[in-house]
Amino acid sequence: MPLQSSNEMPKSLRPYSSGHSITPRGLSAGAIDGIRHGRFDRLFPETQTTAPDDAMLLKLAEFMVTSFEADGVGAPDPGRPIIEAEVSDENATIPAAYTYFGQFVDHDLTLDVTGFGQSQKDAKAVIDFRTPALDLDCVYGGGPADQPSLYRKASNGARHLLRLGDAIAGAGPGSTRNDLLRLPALPDDPAQIALIGDKRNDENKIVSQVQATMISLHNKIYEDDDFHPGIADPDVRFENTVRLVRWHYQWVVLFDYLSGHICMSTALSDFGSLETPHLPYYAAVMAKGRDYPFMPVEFSGAAYRLGHSMVRPSYSLSAANLTKGVDGAGVPNPRFPTFGKRGDDLRGFGEPITSIWSIDWGFFIDGVTPTAPPAGAVVPQPSYRIDTRVVNPLSHLPEFEGLPPERKQEANLAYRNLNRGVGLGLPTGEEVAAALKITPLSNDQVWSAGSNRYKDEDGPSEIKSRRAAITAQGFAGHFKDRTPLWYYILREAEYYGCTRELPEAYLAGIVAAGEDPEAVKQEDLNYGGQHMGPVGSRVVLETFLGLLSYDEKSFIHQPTWRPHAKLNTGGGDFTLGKLIDYALG
């Protein structure tokens, strides 16, 4: 396919003249003109099975956050130092940045404000308070005319740059340079609330820096004349910038994040041409008279919650801060805990990003050079595996501190996901597999542990401990042929997700540490969880391709467009790492 320069705006996308009652696209909130939010709907019929007992759902959720060792249940794991690989937990094929990029994408697409425990089986009645498009409305808000507080003046005098907050002392190339714009603390309220398009992008100190990076990307592209040849009008320049930022972002989502890391490597080819992808389930719903794209509940309520299993219990942010972390008990740890004691952990919502929290993105993703990592450091830090395990910090979410004992289960993220699936009447994993004409996992395969390339280990092992415990819990009998969709998709990833080679740099570190690389390769295969399986991949890609296909302004409708050479340095695949490196370089 021939390449087209990304410097010139395609004629079909050049904005019309604006009047008092007309706002040019790009100066408004979303990719879909005329709507601020959309609706949810179903790709597949509501489940025909009886709902599982709530007590068993809670039992399953508690099991998912339980740590195991070779001899049985172990203590919650705070995460090893950055100089030690954690083969049983870490997914070295997906760097940790993708966990939080995925969260950012989720916030760009969906916001369901239905309260916990509220049954809402009429999916069409659930409002999605985000535009159902990859349009970065979480960054642009309502645009400079509607939300001028998010914008500042550019060098040409137009209010077309997005505001950032305080500069971060000592932040160099590849590191977050600025905090988000924040309201000042008040005498009776110390929280410094971020002024951004979606408050959730300040809920932890990592996703807030993804938001800041996307703001930096917009500002850098806007001020660089190389992206705007022949464009003199400031409004047209803004429009062109928004288009380029969105398209580079969409490209990374589809080809790098999804096809390159999260989904099965062959899954995208099953949809045929990207210009006219084969979307039998999404298109069937659209054909029933829908005017705008929708958000499938199977995606938002189950499949795209895969990222919850990828969260680490702790992270190292940069070389400068390796001695400043403490675990939840206050014990020194070179990684900051995901959740622990407020002020010492990575929770956000009102906590500014200062030098101690600034991320060196080379510690999180390939394509950005880390600054002075310690000898033997495993960088970029891997995510955790996409499997049926969730780290202990997610079993007591800090925003639910203070709940009475009879409601403590509401702080367990795994239980919230399982409970929400029942409330939505989501089809079971087996029902979705049957609808997709995919051979489902057998009951024995679902209620087990390890991958389909598991090679029996000599003596006791963590996988054997988990298998014995699953049997003892009685899950196979209670959930037979009615596996909750979220759990099924995670288990399918654990079972089938063992097809990718470990990165050479990761294996080099294994050798340097004196370990046998062949043994580590087999251990990695035993655990699986590198990527989603066939059902999860299909639901996720069908949703993303549906959203892109029914957004006539998305990049897939410009088949010759390619990422700009200034971002895609060195050619080859354009990745999230390259996007971050350009934005913060």
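Above this text you will find the structure in question.
Please read all numbers here as calculations on a predicted model, not as lab measurements. (Residues numbered from 1 in each chain as written. Predicted model: local features only at pLDDT ≥ 70, side-chain atom pairs only at ≥ 80, totals over all residues. Heavy atoms only, no water.)

Packing of helix α14 (residues 485–496) against helix α17 (residues 534–549) leaves a shortest axis separation of 7 Å and a crossing angle of 120 degrees. In terms of orientation, α14 and α17 fall into the oblique class. Listed contacts from α17 to Y488, I489, E492 and Y496 of α14 are P534, V535 and G536. Here the contact of α14 with α17 is composed, by residue class, of five nonpolar, one polar and one charged. (Axes fitted to C-alpha atoms, helices over the stretch in contact; angles between N-to-C directions. Helix = DSSP H or I, 4+ residues; strand = E, 2+ residues; numbered from the N terminus. Parallel < 35°, antiparallel > 145°, perpendicular 65-115°, else oblique. Contact = heavy atoms within 4.5 Å. Nonpolar A, V, L, I, M, F, W, Y, C, P; charged D, E, K, R; others polar.)

Two elements in contact, helix α15 (residues 504–512) and helix α16 (residues 517–527), have axes separated by 9 Å at closest approach and are oriented at 125 degrees. As far as their axial angle goes, α16 and α15 are oblique. Of the two elements, α15 crosses α16, and the hand of that crossing is right-handed. Together, L507, I510 and V511 of α15 and P517, V520 and K521 of α16 make up the contact between the two elements. For the contact of α15 with α16, the residue count by class is five nonpolar, no polar and one charged. (Left-handed = near helix turned anticlockwise from the far one by under 90°.)

The next thing to look at is the environment of Y151. With respect to the helices and strands, Y151 occurs in strand β6 (residues 151–152). The buried category is assigned to Y151, whose relative accessible area is 0%. Along the backbone, Y151 and L161 are 10 residues apart, and their C-alpha atoms lie at a distance of 5.4 Å. If we ignore the near neighbours within four places in the chain, the residues touching Y151 are Y140, G143, P144, R159, H160, L161, L162, R163 and F238. (Buried < 20%, exposed > 50% of the residue type's maximum accessible area, 1.4 Å probe, protein only.)

A cluster of nonpolar side chains, namely L183, I193 and L195, defines an oily patch on the protein surface of about 230 Å² accessible area. Structurally, I193 can be placed in the loop between β7 (161–162) and α5 (207–223). (Patch = residues over 30% accessible without salt bridge, like charges linked within 9 Å, V, L, I, M, F, W, Y side chains within 5 Å. Areas by Shrake-Rupley, 256 points an atom, 1.4 Å probe, with all protein chains shown as cover. Salt bridge = Lys/Arg side-chain N within 4 Å of Asp/Glu carboxyl O.)

Let's shift gears to the packing of aromatic side chains. Inspection of the entire model under this criterion finds 30 aromatic pairs. Seen in terms of ring centroids, F63 and F475 are 5.6 Å apart; in terms of plane orientation they differ by 70 degrees. Their pairing is edge-to-face. With F63 in helix α1 (residues 54–64) and F475 in helix α13 (residues 475–478), this pair connects stretches of sequence that are 412 residues apart. A residue is classified by how much of its surface remains accessible, and F63, at 11% relative accessible area, is buried. (Phe/Tyr/Trp six-rings, centres within 6.5 Å; stacked < 30°, edge-to-face > 60°.)

Together, R152, K153, R159 and R163 make up a positively charged patch on the protein surface. Structurally, the position occupied by R152 is in strand β6. On the basis of relative accessible area, R152 is assigned to the partly exposed category, the value being 36%. (Lys, Arg positive; Asp, Glu negative; His and termini not counted. Charge placed at Lys NZ, Arg CZ, Asp CG, Glu CD.)

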